[in-house]
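Each chain, letter by letter, is given below.
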Amino acid sequence: MPPTTLDAALRTLARQTGAEIVSTEAGLAEIHTRPLQGTMPTETALSRLLRGTGLRAQALRGGGYRVVRVRPPRPPVERGRAPGRIAAATPPPPAPEADIVVTASKQRIALLRYPGSLTALPGTPASPALATGTLSDAVRQVPILQSTQLGNGRNKVFIRGIADSSFNGSTQSPTSIYLDDVQLNYSGPEPGLRLYDMANVEVLEGPQGTLYGSGAIGGVIRLTSNSVDLHAIATAATAGVTMTSGAEAGFDLAGMLNLPLARDAAGLRIVGYGVRDGGFLRDRDRNLRNVNRAETAGGRAALRVDAGNGWLVDASGVGQWIDARDGNYAERIDGNLARRTVIAQPFANRLLFGRLVATKDWDSGLRFVSASGIVGYDTRETFDATLRTPGGMVASPLTIYRANHEKRLLSQEARLSRSLPNGNSWVAGFSLVSDRDILSRSASIPGLERTILGVTNVTNAGSVFAEATFAFTDRFSLTGGARLTSARTDGDPSATPRSANFVKGRLTQRVDPTLAASWRLRPALALFARFQSGFRTGGLAVAPGVGRVADYKSDAIQVAEIGVRKLRSGATGIAFSGSASIAHWTNVQADLITQRGQPYTANIGNANIRALEGNLDWVPVPALRLQAAFLLTDNQVRGQIADLSKRNNRRLPETPPIAVHTGLSYVWTSHRLHPRIGVSGDYIGRSVLGTGDFLDISQGRYWTADAFAAITWRKADFSLVLNNLTNRQANQFAFGNPFSLGVRDQVTPLRPRSLRVGITTGW
């Protein structure tokens with residue numbers, strides 16, 4: 001049996017032995033097993049599969065086995081101590097951990113053998129409030145991630161300094177985001193999906209052109225939701241109230257229901273949620289407080305069918321709506337938490353997502369996956385384009401600018417893979433992608449509204465790919481592969497696409513190779529090296545000036561990296577990873593704005609990026625955990641805009657030279673209330689809004705501290721989370737309104753000190 005997830009391994013073992021193996025425990029799909037080979041009794045095979053997982057097999061009367069979670073023995077009560085108070089028990093010796101399998105590699109490679117940089121976002125034990133947030137909210141805790149801060153549903157996320165622009169436009173995103181094997185975004189910002197009921201969030205550093213195609217030049221972020229449990233009914237709910245210093249309160253509420261429809265054959269899982277992010281900014285012209293309130297409502301539903309004979313079918317859908325009633329920025333002239341506008345600047349988006357995935361597992365380790373997806377993503381933005389003097393006085397009639405984006409993404413991928421017990425593995429497949437992006441714009445003054453020329457891009461791409469890992473010895477393996485892609489983007493300078501008017505784009509045909517190696521020095525220590533390339537397609541975009549469009553060319557990137565990874569072999573000890581990388585990025589695409597606030601897209605030149613990163617996870621004793629991570633990066637841009645600027649202003653946006661995260665937590669495992677406490681600190685260095693003198697506007701260069709405490713009572717978990725502990729005032733992002741950017745005094749402040757009181761429960 002090859003390495004796989006525990007639920008798949010148990011099904012395979014049941015087919016091979018003819019024994020009935022059942023379990024009602026949750027989370028089997030998130031536990032990964034080692035390879036198993038040889039002739040042995042069923043009981044022995046089960047024991048080896050379950051070793052180190054916290055589960056064991058109970059023999060059933062009449063034959064068969066039930067897999068159950070091991071319950072720790074109740075500690076003895078000390079003499080003279082009240083029965084309700086439990087004495088500390090001697091912790092059991094640490095059990096060896098099951099192998100972690102990198103499913104994002106599409107070959108199910110063990111983490112120690114994976115030749116590349118991969119980061120898992122911290123889960124709820126490290127931060128009880130994280131699951132109520134989005135990817136952008138988690139950025140501070142993961143130094144390799146950077147993000148703009150326009151607001152939920154408007155933010156762009158970058159990986160390891162591969163950042164093209166602070167503005168949202170027509171270019172393909174440098175970071176690909178996947179939800180359960182299906183691509184969630186193509187161009188523009190990340191959708192701001194709330195991370196409720198997620199099993200894990202992984203960052204696969206890029207480029208990932210061989211396995212994931214165009215757009216993954218910075219890497220891939222994979223959101224994996226908790227899978228449907230076919231065996232038992234389960235429910236969960238979470239609620240919280242967030243109080244912010246000097247501002248209005250917010251709240252979050254979510255619930256989950258898992259319902260088997262036909263035992264061991266079909267099941268349904270439903271998640272619903274509503275969130276209000278309380279406002280904390282003031283508008284002095286309109287004499288309003290808390291103007292930047294934002295509300296999110298959404299839900300997910302997943303259906304799983306076990307069709308037998310190794311076939312699984314998963315269908316799921318997502319709907320989410322974000323409504324922000326005003327912009328998320330302030331102006332220095334009015335103070336750190338205030339600004340002046342004549343009108344509100346609301347933002348709204350709608351995300352609709354559908355997915356169908358069929359998988360088939362054979363006893364030989366062969367696996368087939370077919371994943372189909374459809375995404376609809378619409379946004380509506382309004383800006384106050386009224387001219388003002390540098391002192392803030394109104395200098396023109398009221399002018400309102402509106403921009404609407406309508407996006408539709410269709411994707412299909414089919415692949416075969418096989419992972420063998422000796423470490424060899426391979427994957428091969430094909431993918432088809434079709435994306436349509438429509439930008440429409442208008443400007444109005446009292447009594448007159450004028451439509452401004454927009455643009456429509458339609459991208460169609462097809463590709464075939466293959467990658468294989470060869471284990472020459474138990475310690476050394478090589479990985480090689482390539483992806484052949486043919487893609488073209490056609491454009492139409494209109495907001496209402498008519499197929500006869502489309503401007504035929506350039507045909508892009510590329511081969512993106514991968515070459516990597518992994519060398520295990522010790523049982524839990526390995527070195528790796530990797531070279532990979534990626535690209536983004538070109539297209540048609542708005543050009544400088546009103547009513548003009550122009551095309552922009554494809555860009556490409558090559559990255560080489562070397563690194564080291566050490567895993568923890570038990571419940572205590574040190575785990576760490578680190579890497580050094582260098583990237584060469586040619587014909588960098590960037591969405592920009594003119595000094596008058598008009599958007600346009602251009603190829604700004606070439607960039608070289610150097611990065612050094614590291615992660616440390618130390619558990620000196622079972623109850624104490626210390627975590628630290630850092631990113632050091634440096635870049636230089638050469639091109640028309642950069643060459644006409646000062647030498648210090650030739651930098652990519654959103655890339656601080658240093659970012660650091662530290663965290664310390666303690667858990668009283670022996671106490672019946674399971675108390676947990678933790679503190680964390682983060683530092684973000686100085687970055688700029690963009691390349692060139694006009695966009696060399698400082699942001700970042702601040703530190704923050706957070707803290708949390710939590711206890712568990714019966715089936716409920718109570719938590720307190722304190723963010724911005726010292727009530728720091730700093731500028732996260734120097735942009736909010738393109739039409740007043742020329743004044744160069746915009747800031748996006750940190751949310752003032754806030755306290756979330758939450759409860760989570762499940763049955």
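Overview of the structure. Only a predicted model underlies this, so the values are computations on that prediction, with no experimental measurement involved.

Let us now look at the overall build of the protein. Within the protein, the secondary structure is distributed over five helices and 43 strands. In terms of C-alpha radius of gyration, the protein reaches 26 Å, essentially the compact-globule figure of 27 Å for 763 residues. Projecting the C-alpha coordinates of the protein onto the three principal axes gives extents of approximately 85 × 65 × 50 Å. For the protein, restricting intrachain contacts to residue pairs at least 6 apart in sequence, the fraction spanning at least 24 positions comes to 66%.

For the structure on display, the rule yields eight aromatic pairs. In this structure, lysine 106 is placed above the aromatic ring of tyrosine 212, and the distance from its NZ or CZ to the ring centre is 4.2 Å. Across from the ring centre of tyrosine 329, 4.4 Å away, lies the NZ or CZ of arginine 339, which sits over that ring.

Looking now at the sheet that holds strand E2 (residues 55–59). Taken in spatial order, the three strands line up as E1-E3-E2 in an open sheet, and their pairing is mixed. Pairing within the sheet leaves two strands with one partner each, and these edge strands are strand E1 (21–22) and E2. Sheet topology places E2 next to strand E3 (residues 65–69); five bridges connect them, and they run antiparallel. Paired with leucine 55 across the two strands is arginine 69, which belongs to E3.

This brings us to a nonpolar patch on the surface. On the surface, Ile233, Leu257, Leu259, Leu261, Ile270, Leu303 and Val305 cluster together into a nonpolar patch covering about 550 Å² of accessible area. Elements supplying a minimum of two residues to the nonpolar patch: strand E14 (250–262) and strand E17 (294–308). By secondary structure assignment, the location of leucine 303 is in strand E17. For leucine 303, a relative accessible area of 34% corresponds to the partly exposed category.

In this section: the sheet that holds strand E6 (residues 118–120). One open sheet accounts for five strands, arranged E6-E11-E12-E9-E10; its pairing is mixed. The open sheet has two edge strands with one neighbour each: E6 and strand E10 (182–183). Of the pairings in the sheet, the one linking strand E11 (residues 198–205) to strand E12 (residues 219–225) comprises seven bridges and is antiparallel in character. Paired with asparagine 200 across the bridge in E12 is threonine 224.

Now for helix H2 (residues 42–50). The α-helix advances 3.6 residues per turn, and as a result positions three or four apart in sequence lie on the same side. Looking only at H2, the buried set comprises Thr42, Ala45, Leu46, Leu49 and Leu50. Around the axis of H2, the buried residues are gathered within 125° of arc, so they sit on the same side. Among the structural elements, helix H1 (6–17), E1, E2 and E3 are those in contact with the buried residues of H2. With its phi angle positive at about 80°, glycine 52 sits one or two positions after the end of H2.

Generally, phi is negative for residues other than glycine and the peptide bonds are trans, each holding for most cases. Between glycine 206 and proline 207 the backbone carries a cis peptide bond, its omega angle lying at 5°. In this structure, proline 207 sits in the loop between E11 and helix H4 (209–212). Despite not being glycine, asparagine 309 has its phi angle at roughly 60°, a positive value. By the secondary structure assignment, asparagine 309 is in the loop between E17 and strand E18 (311–324). Judged by its relative accessible area of 58%, asparagine 309 is exposed. Positive phi values are uncommon outside glycine, yet arginine 744 reaches one of about 65°.

Taking 1.5 Å per residue, 12 residues should reach 16 Å; H1 reaches 16 Å between its end C-alpha atoms and fits that length. Of all the positions in H1, only Leu6, Asp7, Ala8, Ala9, Leu10, Thr12, Leu13 and Ala14 are classed as buried. Residues of H1 that are buried in the fold lie against E1, H2, E2, E3 and E17. Following H1 by one or two positions, glycine 18 adopts a phi angle in the positive range, close to 75°.

Rules used throughout
Residues numbered from 1 in each chain as written. Predicted model: local features only at pLDDT ≥ 70, side-chain atom pairs only at ≥ 80, totals over all residues. Heavy atoms only, no water. Helix = DSSP H or I, 4+ residues; strand = E, 2+ residues; numbered from the N terminus. Rg over C-alpha atoms; globule rule 2.2 N^0.38 Å. Contact = heavy atoms within 4.5 Å. Phe/Tyr/Trp six-rings, centres within 6.5 Å; stacked < 30°, edge-to-face > 60°. Lys NZ or Arg CZ within 6 Å of the ring centre and 35° of its normal. Pairing = 2+ DSSP bridges. Patch = residues over 30% accessible without salt bridge, like charges linked within 9 Å, V, L, I, M, F, W, Y side chains within 5 Å. Areas by Shrake-Rupley, 256 points an atom, 1.4 Å probe, with all protein chains shown as cover. Salt bridge = Lys/Arg side-chain N within 4 Å of Asp/Glu carboxyl O. Buried < 20%, exposed > 50% of the residue type's maximum accessible area, 1.4 Å probe, protein only. Arc of directions from axis to C-beta. Expected span 1.5 Å × (residues − 1).

The analysis is restricted to geometry; functional conclusions fall outside its scope.
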